[in-house]
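Each chain, written out:
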Amino acid sequence: MSNDLDMGQYLDLFVQEADEQLEILEQETLKLEQDPSQDRLQIIFRAAHTLKGSSRAMGFQKMAELTHEMENVLDNLRQGNLSVTTPIANALLNCLDTLCDMTTSIRNGNGDAVENPSLVQELQSFVGVAPAEDEAGAPLDVSSSGFASGLPADMADALREAAVQGTIYRGQFTLSADCVLKYVRAFMVTSLIENVGELLVCVPDREALEEEKFDRNFEVFFQVSSDFEDLKTQLEGVSEVDWQSVAPWDGEVGTSEEDESPSEKAAEAVVEATPSAVASTPAAPAAAATTRAATNEVRKTESGQTVRVDVSRLDTLMNLVGELVIDRTRMAQLGAELSATYDHPCIEALAETVGHIARTTSDLQDQIMKARMMPIETVMNRFPRVVRDLAQKLGKDVKLELVGGDTELDRSVIEVIGDPLLHILRNSVDHGLEMPEQRLAAGKPVEGKVVVSARHQENYIVIEITDDGRGIDANKIKAKVLESGLATKESLDRMTEREILQFIFASGLSTASEVSEVSGRGVGMDIVRSNIQKLGGIIDLETELGAGTKFSLRLPLTLAIIRGLLVKVSGVVYVIPLGNVIETLQITDDQIQHVNKQEVIVIRGMTTPLMRMRQVFQSRDFVEKQESEQLYVVIVGIAEQRFGLVVDRLIGEQEVVIKSLSRFCGDARGISGATILGDGNVALIMDINGLVK
Amino acid sequence: MSTEATKTTEPIDLNSTTDADASQSPNQSVIFLLGAESYGIDIFRVNEIIRMREITSLPRVENHIRGLVNLRGKTIPVIALGTRLGLSEVPDTESTRIIVVDSEHGNVGIVVDAVREVVTLDPACIDATPSIVQELSAEFVRGVAKHETGLITLLELDKAIAA
């Protein structure tokens, strides 16, 4: 790059924009095969074009080259010279992968050092052109002629009215191709003009100039109160301007003298010059002017209503709110104690105030939680591509349905669930769905269906992945389990079908008869389980032979504040995350059975091991008290496993703020953290995962 | 220069260290009791001293970890220092205190049988070869100071509280 400017500060912006454009590209390209409409092509074209422009501006030539070739292919598709075929779609998707790699490499400070010459050739072979024309010339060939014919009629009228007051001048500027700070140059031009006169109209408008939402050209209409020639000289002094023309305006809105290209072409250039935001408004480019107007509208709402906030600030806010939540509970408790002891009008007023603070704190907490929420869409958006590639590789016909993408959950959870979900999804396509001929033979539609759905349920998010495939055969699993020595035949014989199915989550067990690239290495579901467990979630599956399988995940919405069930064991209050709680029971001793000296109870056909928490949690002050005849049991689930915890007393449900344990506490297995209760005492949060290990 | 450590009353008497080598900081220590013995830790490590309060015991942890206390909305771990050092356990009494000290992993409380005073110890009267300490493992001891009230075992705090 000829420019010495420090690119660092623009790099983040560039990468961010590239990510956005790549996401648009990927989503739309995937849909292209089913629906190669002009609108869609236009969106894809624009996104590729924006990427090309910004990568060129940042000096990433390889990226610019690749996007340029993509653009060529897309343009041919748009013109109808080519039609969308699987090889083309594949090539485009491959381009996206390479572009993603480039972006990653750029983000890591290594530039766009990802070579993929064969891809460029492949793209060129589609359009049948000789290798790329000269660098600067090719992509921007419309630039010098690309001035507005799209000046809106009302503006033109206004200008003509103003012309009565005095001469209107028209300035046309084309910035040089490697201009880094386009807005700065444009700003220099506009401020020079404003020093000596009045700026009437900018095309594109100032907002677009400010956000650099223009290619290289912009145009201004102005009146001057002082010497025009003087201004002209000043304007010529602005650097990084390739070409400019400043002259009195003759009232024509259309092409200027210098512009000899057909206006149609010029209009197209304007459309191309209003990039990224347009992609979110899939309007056909009916007229350049209207498209631009739409763009501005979108821009306005975006910049007016959102603000980017550092995640760590949100985390700090969350912690502060956590403290407030504790104090709120404490105040409520103190207020209750006061009113029980004394009778004074002030106490009633205090209670009201406390009530109000409680409500406000809850609202505050809700709002901050919401600020941290992201739609699960951000994760789901990766799925169509994966399923498409996988289906192609396996020779299967798969229809993927995504439901509830707007369901929101905390970003800390979003970060972790992507991979587990993807794994289950791969499994469903690879193992779950049958080959087309098998499906036909079974009287099913050839096209297999996988549905990923997300929805809120109380304080949890429930994600289900359902396929209409062959289902899981418990007998096969049994055989596999025996083979891999994970359990003995005797113990297997005693298990219910449901229990046997749980073995698919065990490590070292793969039910795929052949090890494929995608799954079947016997590590997948194991990792899924451990990831879900880390989040304090539950995973379960239902399957019916020949009809399909459904995996369901229940995950907490957030990891900082949880709802918990408070129980008492040996005088200490413990919090069991409600996400793990399946149900609570009251049983008597005679309901307890023994299997291999392990106490169990049978609930709805599932043999559930019992853990006497008094024994498990032997602490300094441990006393083995004779437990009463009535036992309180909390059935908890961790991933697919179920356990019954025998506790002394059930206290109730409460929202608690998780405080991590200090290093000095050593390895407190079974405890994930602590919290402070309303009475000021410390309660311990159970880590069901650590408990069962 | 006095060979005896100067007992300070507040405000702390800085004159007692004027003769000392400038590179050697005045050793202001908080002196407390474990059983009948006196121990000292650097005053700069002490955040505050609080009365005994409700401790939530942690299950399945080493014996010297008493549990967690609520210190103005934060949960901090509390260590039974006597147990940690291998001394005989003394039941909590009215004079039992929790000394909240700073560490690289945040605050931690240590339970002591009583807190006596803050003294300025003359580096010259600190014996860094603690052969006289029979009861304690040498790694926990930084030195032994002679003081008018008797011997004070200066603790290597980070080792003494390390998990």
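**Student:** It is not clear to me how the overall build of chain A should be interpreted in this structure. Could you clarify?
**Tutor:** For chain A, the helix and strand inventory stands at 23 helices and 22 strands. Looking at chain A as a whole, 50% of its 693 residues qualify as buried. Pairs at least 24 apart in sequence give 70% of the contacts found in chain A among residues at least 6 apart. For chain A, the accessible surface area stands at approximately 32600 Å², while carbon and sulfur atoms represent 49% of it.

**Student:** Got a minute to help me understand the interface of chain A and chain B in this structure?
**Tutor:** Accessible area lost on assembly of the parts is the figure often given for the size of an interface. At the interface, 30 residues of chain A touch 28 residues of chain B. Taken together, both faces of the contact between chain A and chain B bury some 2400 Å²; the carbon and sulfur share is 60%. Counting across the interface, chain A meets chain B through zero salt bridges. Elements represented by at least two residues in the side of chain A that touches chain B include exactly β13 (572-577), β21 (671-676), β22 (682-686) and α23 (688-692) of chain A. Of all the elements, β21(A) adds the most residues to the side of chain A that touches chain B, at three residues.

**Student:** I keep staring at helix α18 (residues 474-484) of chain A and nothing clicks. Help me out?
**Tutor:** Given 3.6 residues per helical turn, the α-helix brings residues three or four places apart onto the same face. Residue and element names in this part refer to chain A. Of all the positions in α18, only Ala 474, Ile 477 and Val 481 are classed as buried. All buried residues of α18 project into a common sector of 55° when viewed along the axis, lining one side. In α18, the exposed positions that point more than 90 degrees away from the buried face belong to Asn 475, Lys 476 and Glu 483. A side-chain oxygen of the first residue of α18 lies 3.0 Å from the backbone nitrogen of Asn 475; this N-cap is Asp 473. Following α18 by one or two positions, Gly 485 adopts a phi angle in the positive range, close to 70°.

**Student:** Explain the sheet that holds strand β10 (residues 538-544) of chain A here, please?
**Tutor:** Whenever strands of a sheet pair, they do so through backbone hydrogen bonds, lying parallel or antiparallel. All names here are of chain A. Reading across the sheet, the five strands line up as β6-β8-β9-β11-β10 and stay open at both edges, with mixed pairing between neighbours. Of all the strands in the sheet, just β6 (398-403) and β10 have a single pairing partner and so form its edges. Taken over all neighbouring pairs, the strand axes of this sheet differ in orientation by 10° on average, direction set aside. Bridge count for β6 against strand β8 (residues 448-457) is six bridges, and the pairing is parallel. Bridge assignment links Leu 402 to a residue of β8, and that residue is Val 452. Contacts from helix α15 (residues 383-394) reach β6 and β8, with the element oriented near 165° to β6.

**Student:** What exactly am I supposed to notice about the packing of helix α3 (residues 61-79) of chain A against helix α5 (residues 117-127) of chain A here?
**Tutor:** Angle between the axes and distance between the axes: these two values describe a pair of packed helices. All names here are of chain A. Orientation of α3 relative to α5, taken along the N-to-C sense of each, is 20°, at an axis distance of 9 Å. In this view, α3 runs roughly parallel relative to α5, as classed from their interaxial angle. Handedness of the α3/α5 crossing: left-handed. The segment α3 lies against α5, with Glu 65, Leu 66, Glu 69, Met 70, Asn 72, Val 73 and Asn 76 engaging Leu 119, Val 120, Leu 123, Gln 124, Phe 126 and Val 127. When grouped by side-chain class, the residues that make up the contact of α3 with α5 number eight nonpolar, three polar and two charged.

**Student:** Any chance you could explain the sheet that holds strand β7 (residues 97-101) of chain B here in plain terms?
**Tutor:** Residues and elements named next belong to chain B. The strand order β4-β7-β8-β6-β5 describes an open sheet built from five strands, whose pairing is mixed. Sheet topology places β4 (46-51) and β5 (65-71) at the edges, where each strand pairs with a single neighbour. Averaged over all adjacent pairs, the angle separating strand axes in this sheet is 30°, with direction ignored. Two strands pair when backbone bridges link them, and β4 and β7 are joined in this way by five bridges, in the antiparallel orientation. Of the residues in β7, the one forming a bridge with Ile 50 is Ile 98.

**Student:** Can you help me understand a nonpolar patch on the surface in this one?
**Tutor:** Side chains of A:Leu338, A:Tyr342 and A:Leu350 sit close together on the surface and give an oily, nonpolar patch of about 280 Å² of accessible area. Position of A:Tyr342 among the secondary structure elements: in the loop between α12 (311-341) and α13 (345-371).

**Student:** Looking at this structure, I do not really get helix α9 (residues 228-236) of chain A. What am I missing?
**Tutor:** Residues and elements named next belong to chain A. Listed in full, the buried residues belonging to α9 are Phe 228, Leu 231 and Leu 235. Seen from one end, α9 has its buried residues packed into an arc of 60°, which puts them on one side. Lining the buried residues of α9 we find β1 (169-175), α7 (182-196), β3 (217-224) and β4 (241-248).

**Student:** What's the story with the packing of α12(A) against α13(A) in this structure? I'm lost.
**Tutor:** Residue and element names in this part refer to chain A. Where α12 contacts α13, the two axes come as close as 9 Å, and the packing angle between them is 160°. For the element pair α12 / α13, the angle class is roughly antiparallel. Considering how the two elements wind past one another, α12 and α13 form a crossing that is left-handed. On α13, the residues touching Leu 314, Leu 317, Met 318, Val 321, Leu 324, Val 325, Arg 328, Met 331, Ala 332, Leu 338 and Ser 339 of α12 are Ile 347, Leu 350, Val 354, Ile 357, Ala 358, Thr 361, Ser 362, Leu 364, Gln 365, Ile 368, Met 369 and Ala 371. Here the contact of α12 with α13 is composed, by residue class, of 18 nonpolar, four polar and one charged.

**Student:** Any chance you could explain a negative patch on the surface here in plain terms?
**Tutor:** Residue and element names in this part refer to chain A. Taken together, Glu 23, Glu 377, Asp 406 and Glu 408 make up a surface patch of like negative charges. With respect to the helices and strands, Glu 377 occurs in helix α14 (residues 377-380). Here Glu 377 falls in the partly exposed class, since its relative accessible area comes to 39%.

**Student:** How should I be thinking about unusual backbone geometry in this particular structure?
**Tutor:** The phi angle at A:Ser570 is positive, at roughly 45°, despite the residue not being glycine. Positive phi outside glycine occurs at B:Arg60, with the angle close to 55°. Examined against the element boundaries, B:Arg60 turns out to sit in the loop between β4 and β5.

**Student:** Is there a simple way to think about the pairing of strand β19 (residues 641-647) of chain A in this case?
**Tutor:** Successive residues of a regular strand alternate their side chains across the two faces of the sheet. All names here are of chain A. Where burial is concerned, most of β19 is hidden: six out of the seven residues are buried. Two strands pair when backbone bridges link them, and strand β17 (residues 606-612) and β19 are joined in this way by three bridges, in the parallel orientation. Directly across from Met 611, in β19, lies its bridge partner Leu 645. Bridge count for strand β18 (residues 630-638) against β19 is seven bridges, and the pairing is antiparallel. Looking across to β19, one finds that Gly 637 is bridged to Arg 642.

Thresholds, definitions, all that
Residues numbered from 1 in each chain as written. Chains lettered and ligands numbered in written order. Predicted model: local features only at pLDDT ≥ 70, side-chain atom pairs only at ≥ 80, totals over all residues. Heavy atoms only, no water. Helix = DSSP H or I, 4+ residues; strand = E, 2+ residues; numbered from the N terminus. Buried < 20%, exposed > 50% of the residue type's maximum accessible area, 1.4 Å probe, protein only. Contact = heavy atoms within 4.5 Å. Areas by Shrake-Rupley, 256 points an atom, 1.4 Å probe, with all protein chains shown as cover. Buried area = accessible area lost by both parts, 1.4 Å probe. Salt bridge = Lys/Arg side-chain N within 4 Å of Asp/Glu carboxyl O. Arc of directions from axis to C-beta. Polar contact = N/O pair within 3.5 Å; in protein donor to acceptor, adjacent residues only side chain to side chain. Pairing = 2+ DSSP bridges. Axes fitted to C-alpha atoms, helices over the stretch in contact; angles between N-to-C directions. Parallel < 35°, antiparallel > 145°, perpendicular 65-115°, else oblique. Left-handed = near helix turned anticlockwise from the far one by under 90°. Nonpolar A, V, L, I, M, F, W, Y, C, P; charged D, E, K, R; others polar. Patch = residues over 30% accessible without salt bridge, like charges linked within 9 Å, V, L, I, M, F, W, Y side chains within 5 Å. Lys, Arg positive; Asp, Glu negative; His and termini not counted. Charge placed at Lys NZ, Arg CZ, Asp CG, Glu CD.

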